[in-house]
Amino acid sequence: MKKIINDPADVVRESLQGFALAHPDLVTLSLDPLFVARATPTVRGTVAVVSGGGSGHEPLHAGFVGDGMLDAAVPGTVFSSPTPDQVVAAAHAVHAGAGILLVVKNYTGDVLNFETAAELLQADGIEVRTVIVDDDVAVRDSTFTAGRRGVGGTVLLEKIVGAAVARGDDLDTVHALAERVVGVVRSMGVALRPSTVPHSGEPSFTLGEDEMEFGVGIHGEPGRERRAMLPADGIVALLLEAVVTDLPFAAGDRVIVLLNGLGGTPLMELYLAYGSVRGQLESRGITVARSLVGNYVTALEMQGMSITMLQLDDEMMSLWDAPVHTAALRWGV
Amino acid sequence: MTCDAASTVSAIRAAAAAVGEYRSELTALDREIGDGDHGENLARGFSAVLGKLDGDLPGTPGGVLKLVATTLISTVGGASGPLFGTAFLRAATAVGDAAELDGPAVATALAAARDGVVARGKAEPGDKTMVDALGAAVRAAQERAAAGGRPGEVLAAAADAATEAAAATIPMQARKGRASYLGERSIGHPDPGATSTAYILRALAG
């Protein structure tokens, strides 16, 4: 394992210290317990949006803290959820009198810890709603699994919900919008090479030169199947087929596409794949109204990508276009 | 011999030592069907527990168990934090303020721990989780307690059953937790949570 780190046990804290030093206009860092909050207080009387989860997915979540998106982000250790007391402390720090929306990706650990935190906050007299993001179509959603994972859809949801909060929507309205976004967003990913978690030093799985892991998760969890490596157009076709047929997306739909790198794929390849996505969606009669290409929900240095599609209505489109100013997303300001 | 606050502290120290000893093995098991941090997460939690045991100690077994529970919940994260934390918390609640525990009280505490984990994690026997080990442990503990077993004997019976149950998770297909994403590919590996549960019970038994 070769990584630019000091002690593996200090990676998350040291990374966030650097992040806070790089973006003092946007965020403040609490070290004990560990969380990142907006540098400017949440506007009094508006809902505060708090998210979090394992580290190693940067810029998720701290990179999306700022105006028009998250009020606080709570990092766990690498690929492991934060603890309830971190979530509770972050929520108290940003609560502005109108309640807290917790954005939680559907992993057993995240759900359990945020659930516990929500109970503790309610006991403190703070109104809390939770939205569980579960957009990964690679996982069969049934009683035989923990349910679909939350992946790239999280970024789109946090942006749209953050804009709704900025215009003053109340907690129930924001929560209903978040649930509506979850209903129309789908993702699927592929890995060409695994990542190595700093504290273990071993790759999370092994792949041959001619293999790809199709339907991979953002922690290196194996996906639907291992397949023979294909050219970009073939990989995109497989991912789109899975995503499009799931909702399903249909001819005439307007969508946001997030073409997301998992941390180890050059932008050259991501843009190449994006071109392929545009062509293939066009031939399906689906209009890409907005798009985002880059590393937004990563899995350390995993080589690969994911495609997320969100079926837009007019309200979501205007919320997407609303100003945002965070370390990883910025427009309209 | 009964079980008082001091012997509970010794048992917890032994559990922490076992977690340290099996840390790499548990992490390796988790890497096969999860995300490879189970040993690291438990080791972080139990080393924090050891730190707490150096301070002022509660005077009852229940107080010690509660201290373990809150420390695990606030340091482990992942699924293991709330699940093991809930197990110790429910065990603490079950034994109440008693200064000493007999065999039946230990079995009752284990049953409460299992019920708490089932309620939190919503897993059932056969899902390939720590519930498989805990469920078997509780049945064995209750039998041993009913037969007049002392606390150490009750825990030893629980550990034996949990060890067997952990091995029995190998042919199962995971239906809860991150391993469930693997579907059939989770077959052929022991569940890391069931395995750590067995190790911890073995250590608690002394």
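Note that the coordinates shown come from a computational prediction; the quantities given were computed from them, not determined experimentally.

Caption draft 1: The arrangement of the overall build of chain B in detail. When its secondary structure is counted, chain B shows eight helices and zero strands. The linear arrangement of helices and strands in chain B, starting from the amino end, is α-α-α-α-α-α-α-α. The C-alpha atoms of chain B give a radius of gyration of 16 Å, which matches the 17 Å a tight globule of 206 residues would have. Projecting the C-alpha coordinates of chain B onto the three principal axes gives extents of approximately 45 × 35 × 25 Å. Once local pairs closer than 6 in sequence are excluded, the contacts in chain B between residues at least 24 apart make up 69%.

Caption draft 2: Focus on helix α3 (residues 108–123) of chain A. The terminal C-alpha atoms of α3(A) lie 23 Å apart, and with 16 residues this matches the ideal 22 Å at 1.5 Å per residue to within 8%. At its buried positions, α3(A) is contacted by β3 (48–55), α2 (84–94), β6 (100–105) and β7 (128–133) of chain A together with α4 (80–95) and α5 (103–121) of chain B. Residue A:G125 follows α3(A) closely and has a positive phi angle near 85°.

Caption draft 3: Representation of the pattern of salt bridges. Under the criterion given, the structure shown has 29 salt bridges over all chains. For the salt bridge of A:E213 with B:R185, the shortest nitrogen-to-oxygen distance reads 3.0 Å. Pair noted here: A:E213 is in strand β9 (residues 211–214) and B:R185 is in the loop between α7 (151–168) and α8 (192–205), and the two residues belong to different chains. Overall, A:E213 belongs to the buried group, its relative accessible area being 0%. A salt bridge links B:R202 to B:D160; the nearest nitrogen and oxygen atoms lie 2.9 Å apart. Here the residue B:R202 occupies a position in helix α8, and B:D160 occupies one in helix α7, the gap between them amounting to 42 residues. Looking at B:R202, the relative accessible area reads 36%, which means it is partly exposed. Look at B:D160 and you get partly exposed, because its relative accessible area is 44%. Connected through salt bridges with shared partners, the residues A:R167, A:D169, A:R180, A:D313 and A:E315 form a single ionic network.

Caption draft 4: Spatial organisation of the packing of helix α2 (residues 38–53) of chain B against α4(B). All names here are of chain B. Following both chains from N to C, one finds α2 and α4 inclined at 50°, their axes separated by 10 Å at the closest point. Our classification of the angle between α2 and α4 gives oblique. As α2 packs across α4, the resulting crossing turns out to be right-handed. In contact with H38, L42 and F46 of α2, α4 contributes S80, F84 and F88.

Caption draft 5: Fine view of the interface of chain B and chain A. With 28 residues of chain B at the interface, the matching set in chain A holds 38 residues. Summed over both sides, the interface between chain B and chain A buries roughly 2,500 Å², with carbon and sulfur atoms accounting for 50% of that surface. When the buried area of chain B at its contact with chain A is split by residue, B:R31, B:R120 and B:Y181 rank highest and sum to 28% of it. Remark: the boundary between chain B and chain A carries four salt bridges. With a shortest N-O distance of 3.9 Å, B:K122 and A:E115 are connected by a salt bridge. Across the contact surface, chain B and chain A share nine residue pairs in polar contact (both at pLDDT 80 or more). Where the side of chain B that touches chain A is concerned, the elements lending two or more residues are α2, α3 (61–75), α4 and α5 of chain B. Looking at the side of chain B that touches chain A, its residues break down into eight nonpolar, nine polar and 11 charged.

Conventions and cut-offs
By convention here, each chain's residues receive numbers from 1 onward along its written sequence. Whichever chain is written first is A, and whichever ligand is written first is 1; the rest continue in order. Totals for whole chains, interfaces and linings use all residues, but because this is a predicted model, local features are given only for residues with pLDDT of at least 70 and pairs of side-chain atoms are given and counted only at 80 or more. In computing side-chain values, all of the structure's heavy atoms are included and hydrogens and water are not. Only DSSP runs of H or I reaching four residues or more are called helices, and only runs of E reaching two or more are called strands; each is numbered from the N terminus. Atoms considered for the radius of gyration are the C-alpha atoms alone. The globule rule reads 2.2 Å times the number of residues to the power 0.38. Working rule for contacts: check all heavy atoms of both residues, and any pair within 4.5 Å makes them a contact. In this scheme, a helix's expected span is set at 1.5 Å multiplied by one less than its residue total. When a carboxyl oxygen of Asp or Glu lies within 4 Å of a side-chain nitrogen of Lys or Arg, that pair is called a salt bridge. Using a 1.4 Å probe on the protein chains alone, a residue whose accessible area is under 20% of its type maximum counts as buried, one over 50% counts as exposed, and one in between counts as partly exposed. Here an angle of 0 to 180 degrees is reported between the N-to-C directions of two axes, which are lines fitted to C-alpha atoms, with helices fitted over the stretch in contact. Each angle receives one of four descriptions, namely roughly parallel if under 35 degrees, roughly antiparallel if over 145, roughly perpendicular if within 65 to 115, and oblique otherwise. By convention, the crossing between two helices is left-handed when the near helix turns anticlockwise from the far helix through less than a right angle, and right-handed when the turn is clockwise. By buried area we mean how much accessible surface two parts lose on assembly, using a 1.4 Å probe and totalling the loss over both. Identification of polar contacts relies on pairs of N or O atoms within 3.5 Å, with a donor-acceptor requirement for protein atoms, meaning one able to donate a hydrogen and the other able to accept it, and with residues adjacent in sequence counted only if both atoms are side-chain atoms. Residues are grouped as follows: Ala, Val, Leu, Ile, Met, Phe, Trp, Tyr, Cys and Pro are nonpolar; Asp, Glu, Lys and Arg are charged; every other residue, Gly included, is polar.

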